[in-house]
Structures are given as C-alpha cells and as structure tokens.
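# Tertiary structure, described
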Amino acid sequence: MRKLAPAMRIAISGSHSLGKSTVVNDWVALNGDYMREEEPYRVLSLRGPYEILFRDASTRLHNGIQLYYSISRLNRYSTPAQQVIFDRAPVDYIAYSQYTANQRSTDIDDDFVMSMVSAVRESLDRLDILAFVPQSDDWPVAMEDDGIRPVDHSYRDEVDAIFKQIYRDGRFDILPKKSPPLLIELVGSPEHRLLQLAQAVEQVQVETGPR
C-alpha cells in the first residue's frame, strides 16, 4: 500500500479485543507523520493514579474520567494540520456506560448515560473520520488474555451490540449536525482495514478538503 500523508484526525472505535489498537499501530507505522493517541484507560489507570474497573463494576467516576480525558485530547488538536489517530473515541464511553447501566449494579444508570450524549456529540466535530470496528462472524478476532482487557466473550458481544445500535441504528443521535465526521466501518483482514481507512481519507479530501 502506498504511503499517505493527509492532514486528518481519525478515531478508531468499538468493543474491546477486536483489533482497534492493531489498526492504530499499523496506520502509524505506514504514516509516520501521524501522532498516536493512546486509549484513556491505559493512560489513566495502567500508567496513572486511578483504579478503573470494567463490566458491572464500572462507576460514574471510572467512565466519566475516561470520557473527559478523551474529549480533552480531541480538543487538543484544534487544527486540521495536526495529523492524529486516536485509539478509542468519546462515543466508546457511552457504549460501555450503557452496558453497566443495563446491569443495574453501580451508580451508572440511563440518566448518567444520557448526560454524556451532548458532550460527546459536540466533541465529534473535531474528527474527520470516525471508524467503527464491529465484531464479525466472517472475520472473528480471538480474545487476547494480556492481563489488561477482560477475557469475557459475552461482555465483548454485549458491548459490541450497543455500539451497533449507536452507529447503525442511530441510537442517541450521536453525530453532530454541523461538520460531522465521516462514519465508516472497518472489517476484514488487518490489511483490508488499512485499505478501507486510506480510502476514507481520500474520500474526505475529495469531498471537503482538509478542515
């Protein structure tokens, strides 16, 4: 694949253990002028001061700090000339919070999820491309036990289903009306996902030019 050097702000979104970080790492390896923004959990919990829990143990604090860290990093790149790819998007914390709200196990409830929506919608106009990585029976991804991510197929599946409601069915009406990012899905092999992302970059350049 030929190297691209567009001025773009891209976020990779979706449930865990589906190859999002692989897309980010492969894209940066191919396009070395891109900044890589790490997912908030790794920054705030693995390398930071917070203990962030998953599944039915997540709290408003856990997901709230990840959401607003994600938004703050998006806001940092205020001009299109800053080329960056994000591992996760603010939308992700709506999906994960909705999963926990469905469990009725912590202080996260439907009202808390809805309170996130306007801030997330407003933040997305900072992106040029929002790339969703869905779970696919045609291209299954093995669950990796790396000691970090939950090794729980039902958890991944249920969160993926919420993401599909958001991105495919319009749940929460998440995209901004003005200057929305191009929403795409990345499916297939790692190489094919890179090709799809490169084609999306070219589409945005042709249709709107760098913002």
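Look up a bit, the structure's there.
The present account deals with the structure reproduced in this document. Predicted model only: the values in this text are computed from it and were never measured.

## What about helix α3 (residues 60-76)?
Here α3 is 17 residues long and its end C-alpha atoms lie 24 Å apart, about the 24 Å a rise of 1.5 Å per residue gives. When we look at burial in α3, the residues that qualify are His62, Asn63, Gly64, Gln66, Leu67, Tyr69, Ser70, Ile71 and Leu74. Buried residues belonging to α3 abut α2 (40-46), β3 (84-87), α4 (91-103) and α5 (110-123).

## Section: the pattern of salt bridges
Tallying each qualifying case throughout the model produces 14 salt bridges. Between Arg42 and Glu39 there is a salt bridge, with its nearest N and O atoms 3.4 Å apart. According to the relative accessible area criterion, Glu39 is buried, its value standing at 10%. Two residues, Asp92 and Arg88, come together in a salt bridge whose shortest N-O distance is 2.5 Å. Linked through salt bridges whose partners overlap, the residues forming this network are Arg36, Glu38, Glu39, Arg42, Arg47, Asp87, Arg88 and Asp92.

## A few points about the sheet that holds strand β1 (residues 9-13)
Read from one edge to the other, the open sheet built from 5 strands follows the order β2-β3-β1-β4-β5, with strand pairing classed as parallel. Two strands in the sheet have a free side with no partner beyond their single neighbour: β2 (35-37) and β5 (182-185). This sheet shows a mean twist of 20 degrees between the axes of neighbouring strands, independent of strand direction. Pairing analysis gives 3 bridges linking β2 to β3, with the strands arranged parallel. Looking across to β3, one finds that Glu37 is bridged to Phe86. Strands in contact with helix α1 (residues 20-30) are β1, β2 and β3; relative to β3, the strand with the most contacts, it is inclined by about 160 degrees.

Each value, and the rule that gives it
Residues numbered from 1 in each chain as written. Predicted model: local features only at pLDDT ≥ 70, side-chain atom pairs only at ≥ 80, totals over all residues. Heavy atoms only, no water. Helix = DSSP H or I, 4+ residues; strand = E, 2+ residues; numbered from the N terminus. Expected span 1.5 Å × (residues − 1). Buried < 20%, exposed > 50% of the residue type's maximum accessible area, 1.4 Å probe, protein only. Contact = heavy atoms within 4.5 Å. Salt bridge = Lys/Arg side-chain N within 4 Å of Asp/Glu carboxyl O. Pairing = 2+ DSSP bridges. Axes fitted to C-alpha atoms, helices over the stretch in contact; angles between N-to-C directions.

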